[in-house]
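Report on the structure
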Amino acid sequence: MGVRQPLEGNNAVAEAMRQINPDVVAAYPITPSTEIVQTFAKFVADGLVDTNFVAVESEHSAMSACTAAAAAGGRVMNVTSANGLALMWEILYITASLRQPVVLTVVNRALSGNINIHCDHSDAMGARDAGWLQLFGEDAQEAYDNLFQAVAIAEREDVRLPVMSCLDGFLVSHSYELVEVEDDDALRDWVGPYKPRMPLLDINNPYTMGPLDLWDYYIEHKRSQWDAYPDAKQAVIEEGQRFGETFGRSYGLMECVELDDAELVVMAMGSTAGTCKDVVADLREQGVKAGLLKLRCFRPFPAPEIVEVLKGAKALAVLDRAASFGAATAPLFSETVSALYSHGVHAPALNIIYGLGGREIRPEDIVGVFDDLKAIAKSGQPSDPVKWIGVRE
Amino acid sequence: MSDRVYAKDAGWKDMVAGGYIPQAGNAEEYSVAGWRIVHPVRDDDACIDCLFCWVYCPDNAVYVENESVIGLGFDLEHCKGCGICAAVCPKDCIKMEEGSMPAEDE
Ligand code: SF4
Ligand code: SF4
C-alpha cells in the first residue's frame, strides 16, 4: 500500500532512487537538481542503499563513469540539469550508441547564456538527437512514477537504451505536492533484478565495445540503432500499463484531455500541461470544443499516435518551452507538424514559444492561445507560424 | 587469426546491437595499409639491431624475433607510414619510400 506524503519533486525523485537502489550513481550537483544528489548521497551515507556513489569532478566525467559502470554490468542512475546536461553531450551519444540502459533524471532548466537557473526545456531539447528515450513528467507524482518505469523500460532486453526522466525545474522540483509513495518491496519486485547483456566484467566472454568503426560498418550500426526505437516505444506503452496494473496509475505515450471531439487543440509537455487542463475544463463549460494533448514520451517520438489523436482538429497550437535558434520553428512543433504532414493531415498550426528561463505561464495566457486558435481555425494557416507569448514588446 | 565476426558484405540486420564485436583483441585483423602513402624499407646490411625502430613504432609494426629485426621487415597491414622508425634509426638505414606498398607487391 502506498502512503501519501508531502514531497518536493526533488525529494520524490531521491526517494524513488532509494527504492530502486541502483548499483552506481556518479553525479555532479547542479541547480535545480542538486537536492536530489544531496538527498541521495545522504541515503548512501546512512546505509539505506547499496549504491556505489562516485563523486566526480564534472558532468562529463559523471556520464563517462555512468556509461562505463553500465558497460561493466551495473544498474546505473544519474541526475542533472541544463549546463550539466550540455557538458554530458559527448557521452550521451556514446551511452545510447553502446545501448547502455543508464537512467538520468533531468530537472529541466534554461541553458546559459545569460545564466539562468529556472525552468525551460532547452536542455532536454538540446539532447533530443542523442538516442536517449525522453519522458516528461507533469508533476512530482509523475516524476516519481516515471523513474521506476524508466528503469524497467531501459533494461528490457528488447530496448537496452538509456532513458531521461524529465521534470520542470523549480515548478515541480521545488514544489511540495502530495505524492503517493509506494511500498519498497512492491516497487523492487515491480522493477525486478537487472540482467545485464554482455557485461564487460564477464571476463570469460571478452568482446570489444566502442571500437573504431569507419565507412565500412558505421552506417550499418546506425541503421540498426534506428530500428531499436519502435520497440522502445512499445516498451513505454507496456511498462506504463504494467505500472498501472500494480499501482493504479497507468501511463502511455501521451495523455489526451477532451480530444475525442476537440476542434481547438493545444499540445504541451511538462507542468504547463497541468495549467492547460484547467483552461480546457473552463472552456468546455463555456461550450468551446477545446482539448489538450499532453505529450509524455518525446523520444521515441510517437508520430502515428499523435496524428491519430490530432487528425480531427480544426486548429492546433504546439507549446514549446524551448527555441531552436536559426530553425524556422521550435522542436516540438517541428516534429509534430512533420508527423502530421507526412501522414497527410494539414490543420492550421501555430507554434507558441513561451516560458523561457522560468517566465511564468498563466491560465489567461493559455486562454489567449485558444483565442488565437479560434481565429486561425477560420482564417487558415497564419503566415508566421511562430508566436512568442509572455514576452514584453 | 580468429574468424571475422561480420562478413565483408554484412547488412545492418547482421550487426550486434551497440556495435559490439563479440570477440576481443581483433584489431590485428583490420588492415590499415590503405592509410599509408609511404612505407618503410630497411637496409639490413647497415642495421645494427639496436631495436630503436621496434621500441618507437606506435603501431607495433616492426617485426622482431630473438631480439633481432634484421631480415624481418615490417607488418605492412598495420604500419601507418608515420616514419618514426626512420627518424629514430641511429644508422639512417630505414628509408620511407613512395607508395603504400613496395613496388613488387603493387
Ligand atoms: S613507419 Fe611508423 S608505423 Fe610504420 S613501422 Fe615505422 S614507426 Fe611503425
Ligand atoms: S633503428 Fe635502425 S639500426 Fe636500429 S634496429 Fe632499427 S633499423 Fe636497425
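Residue numbering note: each chain is counted from 1, following its sequence as written. Throughout, the order in which chains and ligands are written sets their labels, letters from A for the former and numbers from 1 for the latter. Side-chain atom pairs in this predicted model are given and counted only at pLDDT of 80 or more, local residue features only at pLDDT of at least 70, and totals for whole chains, interfaces and linings cover all residues. Side-chain numbers come from the whole structure's heavy atoms, not from hydrogens or water.

Going along the chain from the N terminus, every DSSP run of H or I of four or more residues is numbered as a helix, and every run of E of two or more is numbered as a strand. Counting secondary structure elements, chain B contains two helices and two strands. Secondary structure elements in chain B, listed N-terminal to C-terminal, are β-α-α-β. This radius of gyration counts C-alpha atoms alone. The globule rule is 2.2 Å times how many residues there are, raised to the power 0.38. Computed over C-alpha atoms, the radius of gyration of chain B comes to 17 Å, more than 25% over the 13 Å expected from 2.2 N^0.38 for 106 residues, which places it beyond the range of a compact globule. Expressed along its principal axes, the backbone C-alpha trace of chain B runs to roughly 55 × 30 × 20 Å. Counting only residues that meet the buried cut, chain B has 39% of its 106 residues in that class. All accessibility values rest on the Shrake-Rupley procedure with a 1.4 Å probe; residue burial counts only the protein chains present in the view. Of the accessible surface of chain B, which amounts to about 6500 Å², a share of 51% is contributed by carbon and sulfur atoms. Burial classes follow relative accessibility: with a 1.4 Å probe on protein chains only, a residue under 20% of its type's maximum area counts as buried, one over 50% as exposed, and anything between as partly exposed.

Time to look at the site of ligand 2. Here a residue is considered near a molecule or strand provided that any single heavy atom belonging to it is located within 4 Å of it. Neighbouring ligand 2 are 13 residues, the closest being C47, C50, L51, C53 and C89 of chain B. Three classes are used: nonpolar for Ala, Val, Leu, Ile, Met, Phe, Trp, Tyr, Cys and Pro, charged for Asp, Glu, Lys and Arg, and polar for all others, with Gly counted as polar. Looking at the shell around ligand 2 residue by residue, the classes come out as 11 nonpolar, no polar and two charged.

This part takes up the packing of aromatic side chains. All names here are of chain A. Here is the rule: rings of Phe, Tyr and Trp (six-membered ring for Trp) pair when centre to centre is within 6.5 Å. Planes less than 30 degrees apart are stacked, more than 60 are edge-to-face, and the remainder are tilted. Summed over the entire model, instances satisfying the criterion amount to 10 aromatic pairs over all chains. On the numbers, 5.2 Å between centres and 85° between planes, the contact of W190 with F243 is edge-to-face. One end of the pair, W190, is in helix α8 (residues 184–191); the other, F243, is in helix α10 (residues 228–247), with 53 residues separating them in the sequence. Following the ring pairs from residue to residue traces out a cluster consisting of Y144, F148, W190, F243, F247 and Y251.

Residues and elements named next belong to chain A. What a helix is expected to span follows from its residue count: subtract one and scale by 1.5 Å. Under the 1.5 Å per step criterion, the end-to-end length of helix α11 (residues 272–285) is 20 Å for 14 residues, consistent within 8% with the ideal 20 Å. Taken together, the buried positions of α11 are occupied by T272, A273, G274, C276, V279, V280, L283 and R284. By definition, residues are in contact when any of their heavy atoms lie within 4.5 Å. Looking at the buried side of α11, the elements it contacts are β7 (163–168), β9 (254–257), β10 (264–268), β11 (290–295), β13 (315–320) and α14 (363–379).

Turning our eyes to something else, we now look at the interface of chain B and chain A. In this assembly, 21 residues from chain B lie in contact with 21 residues from chain A. Note on definitions: buried area is the accessible-area loss of two parts on being combined, 1.4 Å probe, summed for both. Both sides of the chain B and chain A interface together cover about 1800 Å² of buried area, and 61% of this is carbon and sulfur. On the chain B side of the contact with chain A, W12, Y20 and Y30 of chain B bury the most area, a combined 40% of that side's loss. Salt bridge criterion: a side-chain nitrogen from Lys or Arg within 4 Å of a carboxyl oxygen from Asp or Glu. If you look at where chain B meets chain A, you find zero salt bridges. In protein, a polar contact requires one atom able to donate a hydrogen and another able to accept it; more generally it is a pair of N or O atoms within 3.5 Å, and residues adjacent in sequence count only if both atoms are side-chain atoms. Linking chain B to chain A there are seven residue pairs in polar contact (both at pLDDT 80 or more). Here the residues of the side of chain B that touches chain A sort into 13 nonpolar, six polar and two charged.

What follows covers the domain arrangement of chain A. Size of an interface, as often reported, equals the accessible area lost when the parts are brought together. All names here are of chain A. The domain architecture assigned to chain A consists of domain 1 (3–247) and domain 2 (254–388). Opposite the 27 residues of domain 1 that make contact, domain 2 presents 27 residues. Summing the contributions of domain 1 and of domain 2, the shared interface buries around 2100 Å²; its carbon and sulfur component is 54%. Summed over the shared surface of domain 1 and domain 2, the number is five salt bridges. Its salt-bridge partner being E138, residue K294 comes within 2.9 Å of it at the nearest N-O pair. Between domain 1 and domain 2 we count 15 residue pairs in polar contact (both at pLDDT 80 or more) in total. For the side of domain 1 that touches domain 2, the secondary structure elements donating two or more residues are α6 (122–126), β6 (133–136), α7 (140–155) and α10. Of the residues contributing to the side of domain 1 that touches domain 2, the split by class is 12 nonpolar, eight polar and seven charged. Residue ranges labeled as domains rest on an automatic or database domain assignment.

Let's shift gears to the sheet that holds strand β3 (residues 52–55) of chain A. Residue and element names in this part refer to chain A. A pair of strands is considered paired only if DSSP assigns at least 2 bridges between the two. Here we have seven strands laid out as an open sheet, ordered β3-β2-β4-β5-β7-β6-β12, and mixed in their pairing. If you trace the sheet from one side to the other, it starts and ends with β3 and β12 (297–299), each paired once. Across the sheet, the mean angle separating the axes of adjacent strands is 20° when strand polarity is ignored. As paired strands, strand β2 (residues 24–27) and β3 are joined by four bridges and run parallel to one another. By the bridge assignment, V25 is partnered in β3 with F53. Against the sheet, helix α1 (residues 9–20) touches β2, β4 (76–80), β5 (103–108) and β7, its axis set at about 170° to β4. Axis geometry follows a simple rule: fit a line to the C-alpha atoms, using only the stretch in contact for helices, then measure angles between N-to-C directions, giving values from 0 to 180 degrees.

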